[in-house]
Amino acid sequence: MPDELLHPTVGAGVDMSARPWRLMSQTYVAFFGGVLASTAVAFLNARRLGVDAAKRRLILLTGLVGLLAVIGVFVLLYDDAGLTSGVRVSIRVLAVLCCLVQLRLQRPMDRAFQLRGADYGSLWGWGIAVTIGGAIAEALILFLVTVVL
């Protein structure tokens, strides 16, 4: 009778074909790309890490709340002079705060990945693409808000 105690279970049920990205690398995407970019990278990385579906939905919900907060700050601080540095800084702070919450949801499975001893994937290609796409999408949303106002 084999002993179940000696069987490795850290990698059980996780697809190792797509390597996840380092968690702290996602903060760069959040700072330069905004809430939408951060949420996209966090959601994709959570799936690569094997995070359960409930926490992945929380990542999406955090992104939605963060986007609504960005729109709210934009509406409150935007004036006829255009984007001031206060608006830009506030939007970046909200994006990074949103990212930190999303990282917290990924952390347990990231620790399990570290225990497997595998290497992380590179975020350069996906990170740059998502950063540019997220920044453009967020700018378009904020432009639509100015049109509606």
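Residues numbered from 1 in each chain as written. Predicted model: local features only at pLDDT ≥ 70, side-chain atom pairs only at ≥ 80, totals over all residues. Heavy atoms only, no water.

K.L.:
Would you mind showing me how to read the overall build of the protein here?
P.N.:
Looking only at helices and strands, one finds five helices and zero strands in the protein. Written out in order from the N terminus, the α and β elements of the protein read α-α-α-α-α. The 149 residues of the protein split such that 35% are buried. The long-range share in the protein, meaning contacts at least 24 apart out of those at least 6 apart in sequence, stands at 80%. (Helix = DSSP H or I, 4+ residues; strand = E, 2+ residues; numbered from the N terminus. Buried < 20%, exposed > 50% of the residue type's maximum accessible area, 1.4 Å probe, protein only. Contact = heavy atoms within 4.5 Å.)

K.L.:
How should I be thinking about the layout of surface pockets in this particular structure?
P.N.:
The rolling of a water-molecule-sized probe over the atoms marks out the regions of remaining empty space. Roughly 280 Å³ of internal volume is contained in the largest pocket. Lining the largest pocket are 13 residues; nearest its centre among them are Ser25, Tyr28, Val29, Leu123 and Trp124. Those elements that provide at least two residues to the lining of the second largest pocket are helix 4 (85-116) and helix 5 (124-148). Across the lining of the second largest pocket, the residue classes tally to eight nonpolar, two polar and three charged. (1 Å grid on protein atoms, 1.4 Å probe; cavity = no way out; pocket = protein on both sides within 12 Å on 5 of 7 lines; lining within 4 Å. Points joined across faces, edges and corners; volume = space filled by probe spheres on them. Nonpolar A, V, L, I, M, F, W, Y, C, P; charged D, E, K, R; others polar.)

K.L.:
Help me understand a nonpolar patch on the surface in this model?
P.N.:
Together, Leu58, Leu61, Leu64, Val65 and Leu68 give the surface a local cluster of nonpolar side chains, amounting to about 460 Å² of exposed area. For Leu68, the position within the fold is in helix 3 (residues 53-77). With a relative accessible area of 54%, Leu68 lands in the exposed category. (Patch = residues over 30% accessible without salt bridge, like charges linked within 9 Å, V, L, I, M, F, W, Y side chains within 5 Å. Areas by Shrake-Rupley, 256 points an atom, 1.4 Å probe, with all protein chains shown as cover. Salt bridge = Lys/Arg side-chain N within 4 Å of Asp/Glu carboxyl O.)

K.L.:
Looking at this structure, I do not really get the packing of helix 2 (residues 35-49) against helix 5. What am I missing?
P.N.:
Relative placement of two packed helices is described by the angle separating their axes and the distance separating the axes. For the pair helix 2 and helix 5, the least separation of the axes is 7 Å and the interaxial angle reads 140°. By the angle between their directions, the pair helix 2 and helix 5 is classed as oblique. When helix 2 is examined against helix 5, the residues Val35, Leu36, Ala37, Ala40, Val41, Leu44 and Arg48 are found in contact with a partner set consisting of Trp126, Val130, Thr131, Gly134, Ala137, Glu138 and Ile141. Here the contact of helix 2 with helix 5 is built from residues that sort into ten nonpolar, two polar and two charged. (Axes fitted to C-alpha atoms, helices over the stretch in contact; angles between N-to-C directions. Parallel < 35°, antiparallel > 145°, perpendicular 65-115°, else oblique.)

K.L.:
Looking at this model, I keep getting lost on the side chain of Glu138. Mind explaining?
P.N.:
Turning to its location among the elements, Glu138 is positioned in helix 5. Buried and unpaired, Glu138 has no salt bridge, with Arg92 as the nearest side chain of opposite charge at 4.2 Å. Apart from the residues within four sequence positions on either side, Glu138 is in contact with Gly33, Gly34, Val35, Leu36, Val70, Ile91 and Arg92. (Lys, Arg positive; Asp, Glu negative; His and termini not counted.)

K.L.:
Explanation requested: the state of the cysteines in the structure shown.
P.N.:
Put plainly, a disulfide is one covalent bond tying together the sulfur atoms of two cysteines. Under the criterion given, the structure shown has zero disulfides. Free of any disulfide, Cys98 has its nearest neighbouring cysteine sulfur in Cys99, separated by 7.5 Å. Given a relative accessible area of 6%, Cys98 falls into the buried group. Note on Cys99: relative accessible area 1%, which makes it buried. (Disulfide = S-S within 2.5 Å.)

K.L.:
Hey, could you run me through helix 2 in this one?
P.N.:
What sets the pattern is the α-helix's 3.6 residues per turn: residues three or four places apart point alike. Counted at 1.5 Å a residue, the expected span for helix 2 with its 15 residues is 21 Å, and the 21 Å between its end C-alpha atoms agrees. Among the residues of helix 2, those classed as buried are Val35, Ala37, Ser38, Thr39, Val41, Ala42, Asn45, Ala46 and Leu49. On its buried side, helix 2 packs onto helix 1 (25-33), helix 3, helix 4 and helix 5. Gly50 sits one or two positions beyond helix 2 and adopts a positive phi of about 90°. (Expected span 1.5 Å × (residues − 1).)

K.L.:
Help me understand the nonpolar core, please; the structure alone is not making it clear to me.
P.N.:
For soluble globular proteins, nonpolar side chains are generally found buried alongside one another. Residues Leu23, Ala30, Ala42, Ala46, Leu49, Val51, Ile59, Cys99, Leu103, Leu105, Phe113 and Tyr120 constitute the largest nonpolar core, which totals twelve residues. Broken down by element, the residue count for this core peaks at four residues, all from helix 4. Those residues in contact with Leu103 that lie beyond four places of it in its chain are Leu23, Met24, Gln26 and Thr27. In terms of nonpolar packing, the next biggest core, distinct from the first, is built from eleven residues, Val35, Leu67, Ile91 and Val145 among them. (Core = buried A, V, L, I, M, F, W, Y, C linked by side-chain atoms within 4.5 Å.)

By themselves, these figures tell us nothing about what the structure is for.
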